[in-house]
Amino acid sequence: MIPPAFDYTRPATVDEAVRTLADAGEEAKVLAGGQSLLPLMRLRLAFPELVVDVGRIAELRGVREDGATLVIGAMTTHHDVIHDPLVRRHAALLASATATVADPAVRHRGTLGGSLAHADPAADLPAVVLALDGELVAQGPGGRRTIPAREFFVDYLQSALAPDELLVEVRVPKADGWGFHYEKFHRVAQAYAIVGVAALVRRDDGHIAEARIGLTNMGSTPVRASAAEEALTGAGDAEAVQRATEAAAEGTHPSQDMSASPEYREHLARVLTRRAVLTAAGMG
């Protein structure tokens, strides 16, 4: 299907992009890698009057260290996230999960910031950044502000970004020494996950000292499996992990659709969380 007519602009700097968004108001949409917006436009589920293409803004790309934090430019492609040595060393969960996104063509065009700003709870990376306790940096006419990942995802396809704000950076604490695993279940290769689980585990003296678990497609936003995280503290063997992960679906609100019922998604959340945690903890 052909999208409705729209105007197009390609700013050269973040400041120019923000001014353009502020002038256009809610009639503008940001184009990053195009892997989310363009399909919506072709289906006429999105019909912006102005498309603001930020793909040529060099300052939005790349990875750097800031003390105990990794700073990833919002326009860094999935391919570059996967292969960046800093990400692989300090946030390996993010690299590992990104490698499961769609196919190579999408990973070469799609961007980390674009995926997060799209705020699709069925996408892989929002739950991963949530599990990493990440922060997202937005720039608007009044300057920059930092939004914790817990507060960034507001509802289905809705983020905390204002219409005149641009996502510029993703900040994730280094997870050196943590075990990690991303486990997802989907019907066919390259499809969205029916349920996905991002797990980080820190062990001490043979027991789980801390666990962080982000869930994909278990509600209108990505969610943390808080009850399971708490129950996993102190678990020292596979049996204890199995008991703790029975709480993985507590507090979630999975949807009913053609792929699965809410009850089946809850079952998958428990099974996949168990697998992910056992792998991350080196018990599986």
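Conventions used here
Residues numbered from 1 in each chain as written. Predicted model: local features only at pLDDT ≥ 70, side-chain atom pairs only at ≥ 80, totals over all residues. Heavy atoms only, no water. Pairing = 2+ DSSP bridges. Helix = DSSP H or I, 4+ residues; strand = E, 2+ residues; numbered from the N terminus. Contact = heavy atoms within 4.5 Å. Axes fitted to C-alpha atoms, helices over the stretch in contact; angles between N-to-C directions. Core = buried A, V, L, I, M, F, W, Y, C linked by side-chain atoms within 4.5 Å. Buried < 20%, exposed > 50% of the residue type's maximum accessible area, 1.4 Å probe, protein only. Phe/Tyr/Trp six-rings, centres within 6.5 Å; stacked < 30°, edge-to-face > 60°. Lys NZ or Arg CZ within 6 Å of the ring centre and 35° of its normal.

S.K.: Where do I start with the sheet that holds strand β11 (residues 179-185) in this structure?
M.R.: Strand order in the open sheet made by the four strands is β11-β12-β13-β14, with antiparallel pairing throughout. Looking at the sheet topology across the chains shown, the edges are occupied by β11 and β14 (223-224). Here strand β13 (residues 207-216) pairs with β14 via two bridges, running antiparallel. Bridging from a neighbouring strand, G214 pairs with R224 of β14. Against the sheet, helix α8 (residues 124-131) touches β11, β12 (195-204), β13 and β14, its axis set at about 150 degrees to β13.

S.K.: For this particular structure, what's the right way to read the nonpolar core?
M.R.: Across soluble globular proteins, nonpolar side chains have a tendency to be buried as a group. Within the largest apolar cluster, 36 residues are counted, with the highest numbers of intra-cluster contacts made by V87, L94, L112, L116 and V128. With five residues, α8 is the largest single contributor of residues to this core. Excluding residues within four positions of it along the chain, L112 makes contact with I72, A74, T76, H78, V81, L94, L125 and V170. A199, V241, A260 and L278 belong to the second largest nonpolar core, which has 29 residues in total.

S.K.: How should I be thinking about the packing of aromatic side chains in this particular structure?
M.R.: The geometry of an aromatic ring pair is captured by two quantities: the separation of the ring centres and the angle between the planes. For the structure shown, the criterion picks out one aromatic pair. Seen in terms of ring centroids, F152 and F153 are 5.2 Å apart; in terms of plane orientation they differ by 90 degrees. Their pairing is edge-to-face. Exposure class is identical for F152 and F153. Each is buried. The residue whose ring lies beneath R212 is W178, and the NZ or CZ to ring-centre distance is 4.4 Å.

S.K.: I would appreciate a short explanation of the sheet that holds strand β1 (residues 7-9) in the present structure.
M.R.: Within a beta sheet, neighbouring strands are joined by backbone hydrogen bonds and run either parallel or antiparallel to one another. One open sheet accounts for three strands, arranged β1-β3-β2; its pairing is parallel. Strand pairing shows two members of the sheet lacking a second neighbour, β1 and β2 (28-31), which therefore form its edges. Direction aside, neighbouring strands of the sheet carry axes that sit 25 degrees apart on average. Those strands touched by helix α1 (residues 14-24) are β1, β2 and β3 (50-53), and its axis lies near 170 degrees from that of β3.

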